[in-house]
Amino acid sequence: MNVAVAQVGGRESAPQAAAHARLRGVTRVFGGKLPVHALGPLDLDLARGEFFSVVGPSGCGKSTLMDLIAGLNPPTEGSITFEDRAVAGEVPDGIGAVFQEDASFPWLTVRDNIAFGLRRSGVDAAETRRRVDYVIGFMGLKDFTNAYPAQLSGGMRQRVCIARTLVLQPRLILLDEPFGALDQQTRLLMGDELLRLWRETGATVMLITHALDEAAMLSDRVGVMSSRPGRFIETITTGWPRERDSNIVADTAFGAVTARLWSLLRGESLKAIGAKDAR
Amino acid sequence: MSRKAAIVATRIAVIVAAILALELLCRAKIISPLTLIPPSEMASALWELITSGKIRDDIVQTFTTVALAFVLSVAAGFTLGVVIHALPRVRRALDPLLASYYSIPFFVFYPLLIALFGLNTVPLIVIGLVFATAAMVIATLNGLDRVPRVMTKTARILRLSPARAVLTVTLPAAAPYLFTGLKLALAYSFIGVIAGEFILSGGGLGFSIAYAYNNFDSETMYALMMFVLVIVTIVNGVLHVLEQRMLARRAGR
């Protein structure tokens, strides 16, 4: 494979002219008797059409970050914009999300699960049908359209959730450890699927993962977060070509990227598990 | 025979054997005819009661009352459940009360209800309602507790309005638990109404059973008891089938 030499260790690349999503000075503090400072302050620019991954030690606020960008929760401080409009505790049009937990609706067939969001967004029946059929074909679910989620494997159910998101044609796709519950081989294959849909849809993707190899293999850039309160300690640009797949794991540059990620994360992970002599 | 068919066959065999045993014990006078009449005589007495139209009014009264108590208790229980679920502080205050609810012998209040509402079907509806509502409240709370957070999150990501999210995501997700509430509410409505009729009322199946008992009319008493049993079994059977169908789909069977 002809891969450009990875620019390992580079600081955050120059901000793109038109950031698709932009975070400035964002923090999140969970209230209560003992307030928990979960996140930030942090800045982030997601370039339109890039594949950005976030890695960080457990409990560093990765999922909190995703909830903020999705508009599920408002930031305590700072501002978030998506397509130049402020995101303020409400999910903006054009954002899709897939979570680690199985979110397929067990009372609906695969087809109805996928069509669920469309039927409620006022798209007419013929267009719904066309888009659902396309996504079903694209995600390899043709043989399961009338099955119920309980009849499918975990990987297939996650495909249904991805399909349900894709059919709405989101311009920013947020993925919170979507393959976290799957075995390693399935993860690699799902990674290929993810790259394929990213290329075809042209959407911006932000993937949260704890798997360093997954982040290294899939991403244009990987943001490494510190232990709580999570901040970006470094952003690594991989330099992979847009046409890529899981075979990239055989590339020497892949090993360098993964190693760099681990050297950054090791100390933070030790802190997160409470080890005294971190680093 | 498939395993499922074998299970059903065993179930039916047990019931038939019990009825046959009862029939034999009664016919052989091992059980005194003053105590219990053979099931076959119960059935023929029931047939006569139904065809003669003598118990038509009682049937209509009892089932109308049960239906009203059931519908009202489900509506009230569900609404209360949703409201209590949305108010965690209220819930913490009410939790022990709900948990000990069924230790209260409600029927001691029945005379009071008659004094309040008069000797008609209203006290019966109220006692059925009071008896059945808590079961529905508890089932609703339980169901709402078990809706996975990721589903409500998904509803928000799909930009559903709060009302739509409840109708199309929360309720279907909680449905198996709500169904348990329905079944319990139905059983409690039957118990409340028929027991109330039994204690004091001017009509209904419970009243007729008590009336026959007081007049040593074993035939009518047992016929009516059999009728109530059969109807309750059929209604529960229908609910059971519906529930199994729903659960089977969700379990991928």
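Look up: the structure comes first, before these words.
Bear in mind the structure is a predicted one, so any value in this text is a computation, not a measurement. (Residues numbered from 1 in each chain as written. Chains lettered and ligands numbered in written order. Predicted model: local features only at pLDDT ≥ 70, side-chain atom pairs only at ≥ 80, totals over all residues.)

### Side note on the overall build of chain B
Part 1 of the reasoning: Regarding its fold elements, chain B presents 10 helices and zero strands.
Part 2 of the reasoning: N-terminal to C-terminal, the α/β element order of chain B is α-α-α-α-α-α-α-α-α-α.
Part 3 of the reasoning: In terms of overall dimensions, chain B has C-alpha extents of about 70 × 60 × 30 Å along its principal axes.
Part 4 of the reasoning: Burial status across chain B gives 32% buried among its 253 residues.
Part 5 of the reasoning: Here the contacts in chain B between residues at least 6 apart in sequence split such that 73% fall between residues at least 24 apart. (Helix = DSSP H or I, 4+ residues; strand = E, 2+ residues; numbered from the N terminus. Buried ≥ 20, exposed ≤ 12 C-beta atoms within 10 Å, placed from the backbone. Contact = placed C-beta atoms within 7 Å.)

### Quick look at the sheet that holds strand β2 (residues 36-47) of chain A
Residue and element names in this part refer to chain A.
Part 1 of the reasoning: Taken together, four strands build an open sheet; the order of strands is β2-β1-β4-β5 and the sheet is antiparallel. Of all strands in the sheet, those with a lone pairing partner are β2 and β5 (85-86), marking the two edges.
Part 2 of the reasoning: In the packing of helix α1 (residues 62-70) onto the sheet, the strands contacted are β1 (19-30), β2 and β4 (77-82), and the crossing angle to β1 comes to about 120°. (Pairing = 2+ DSSP bridges. Axes fitted to C-alpha atoms, helices over the stretch in contact; angles between N-to-C directions.)

### Re the pairing of strand β10 (residues 232-237) of chain A
Residue and element names in this part refer to chain A.
Part 1 of the reasoning: In this structure, strand β9 (residues 221-225) lies alongside β10, joined through five bridges in antiparallel fashion. Paired with Val 222 across the bridge in β10 is Ile 236.
Part 2 of the reasoning: Hairpin connection, β9 to β10: the antiparallel pair is bridged by six residues.

### Remarks on the interface of chain A and chain B
Part 1 of the reasoning: Across the contact, 16 residues belong to chain A and 17 residues belong to chain B.
Part 2 of the reasoning: Of the residues that constitute the side of chain A that touches chain B, the class distribution is 11 nonpolar, three polar and two charged. (Nonpolar A, V, L, I, M, F, W, Y, C, P; charged D, E, K, R; others polar.)

### Considering the environment of A:Gly137
Part 1 of the reasoning: In this structure, A:Gly137 sits in helix α3 (residues 125-138).
Part 2 of the reasoning: Assessed through the 11 C-beta atoms surrounding it within 10 Å, A:Gly137 is described here as exposed.

### Focus: the sheet that holds β10(A)
Residues and elements named next belong to chain A.
Part 1 of the reasoning: Here we have six strands laid out as an open sheet, ordered β6-β7-β8-β3-β9-β10, and mixed in their pairing. Where the open sheet ends on each side, the last strands, each with one partner, are β6 (95-98) and β10. Pairs of neighbouring strands in the sheet enclose a mean axial angle of 15°, with direction left out of account.
Part 2 of the reasoning: In the sheet, strand β3 (residues 51-55) pairs with β9 via four bridges, with the strands oriented parallel. Among the inter-strand pairings, Ser 53 is bridged to a residue of β9, identified as Val 222.
Part 3 of the reasoning: The sheet strands contacting helix α7 (residues 252-272) are β3, β9 and β10, and the helix crosses β10 at an angle near 175°.

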